[in-house]
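Here is what each chain is made of, one letter per residue.
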Amino acid sequence: MRIVFMGTPDFAVPSLEGLIQAGHTVCGVFCQPDKPVGRHQNKLQAPPVKQAALEHGIPVFQPTKLRDGTALAQLRELAPELIVVAAYGRILPDDILNLPPMGCINVHSSLLPKYRGAAPINWAVLNGDSETGVTIMHMAHDLDAGDIIDQAATPIDPDETVVSLHDRLAQMGAELLVKVVADIAAGTAARTPQDHGKATLAPMLSRELSPMDFTRPARELHNQVRGLIPWPAAVTELGGSRCKVFSTSVLDVHTDAAPGAILAAGKEGIQLACGGGTVLRIDELQADGGKRMRAADYLRGHPIPVG
């Protein structure tokens, strides 16, 4: 099938590679513009999808706008039968959605209608869900509200971080996409409307989610830590220093100490009292201006009094 692929970050690369390996003609790739990086923001870095496309000799388009007619004209010239979107980062206007004869489909990293929006993987972890998955759907005018073609589920380990879950879902999405595109080509693809009454949202992350509130149970704080890696990261203050927290453990013990009290600080990490008498241990952290390290190593140069 003749396909235009739209995607930007690492999550989308396996889907692009999967379409290529399945023998489809990816006639063009659309992604977001290169971003400035470095201390002085004076170097441009190409998105992962652009890098992958160029390695395969596929033309790359990076429009800053989708509603001025330029992207539509480029797409008409490419004449795709199908447009595939995976974490592109832009909302497609109706004139683009209506262009390809086979429609536009999207690889979404949740079990829709749950977690519509920009950060479904993070919110599944933040909320302590035991399961998530990927959905391939037809795109519609409303965000992530189109008819479902197929889904695949996967369990979430209680200690799994969003990083490993992201990589697994990216691969699952690619495998399911290849199957779905074959079904579309064969005319056998299912089409199931979403139950909009069950829809939930997964909005973009912000630093407002970072502060750790130790009146909450240890399990909720553990979910916060593993759901905000690598950005914006959970944040707390230890011994007067602000620290990002990257790894924690929920301990099977009870305490009568007030939430936020430091119960122990040594070679096993930093134990803190949390809501409901629960206890959280900080295992890995990064102080402002410092390096990411084990809490035990941090304590060697920054002793914290217990209590």
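The text that follows walks through the structure, step by step, so that each part is easy to find. Predicted, not measured: the structure shown is a model, and the values here were computed from it.

Re the nonpolar core
Stage number 1. Core analysis: the biggest nonpolar cluster contains 46 residues, and Phe 5 and Ile 105 have the highest contact counts within it.
Stage number 2. For this core, the element with the highest residue contribution is helix H6 (residues 162-186), accounting for 10 residues.
Stage number 3. By size, the runner-up hydrophobic cluster in this structure holds 21 residues, among which are Met 212, Cys 243, Val 245 and Tyr 298.

Focus on the state of the cysteines
Stage number 1. According to the stated counting rule, one finds 0 disulfides in the structure shown.
Stage number 2. Cysteine Cys 27 shares no disulfide, and the gap to the nearest cysteine sulfur, in Cys 104, comes to 12 Å.
Stage number 3. Of all cysteine sulfurs, the one in Cys 274 lies closest to Cys 243, which takes part in no disulfide; the gap is 16 Å.
Stage number 4. Note on Cys 243: relative accessible area 0%, which makes it buried.

Observations regarding the pattern of salt bridges
Stage number 1. According to the stated counting rule, one finds 12 salt bridges in the structure shown.
Stage number 2. For Asp 297, the salt bridge is made with Arg 294, and the minimal N-O distance between the two is 3.4 Å.
Stage number 3. Using a relative accessible area of 30% as the deciding quantity, one classes Asp 297 as partly exposed.
Stage number 4. What you see here is one network of salt bridges that share partners, running through Asp 150, Lys 179 and Asp 183.

Calculation notes
- Residues numbered from 1 in each chain as written.
- Predicted model: local features only at pLDDT ≥ 70, side-chain atom pairs only at ≥ 80, totals over all residues.
- Heavy atoms only, no water.
- Core = buried A, V, L, I, M, F, W, Y, C linked by side-chain atoms within 4.5 Å.
- Buried < 20%, exposed > 50% of the residue type's maximum accessible area, 1.4 Å probe, protein only.
- Helix = DSSP H or I, 4+ residues; strand = E, 2+ residues; numbered from the N terminus.
- Disulfide = S-S within 2.5 Å.
- Salt bridge = Lys/Arg side-chain N within 4 Å of Asp/Glu carboxyl O.

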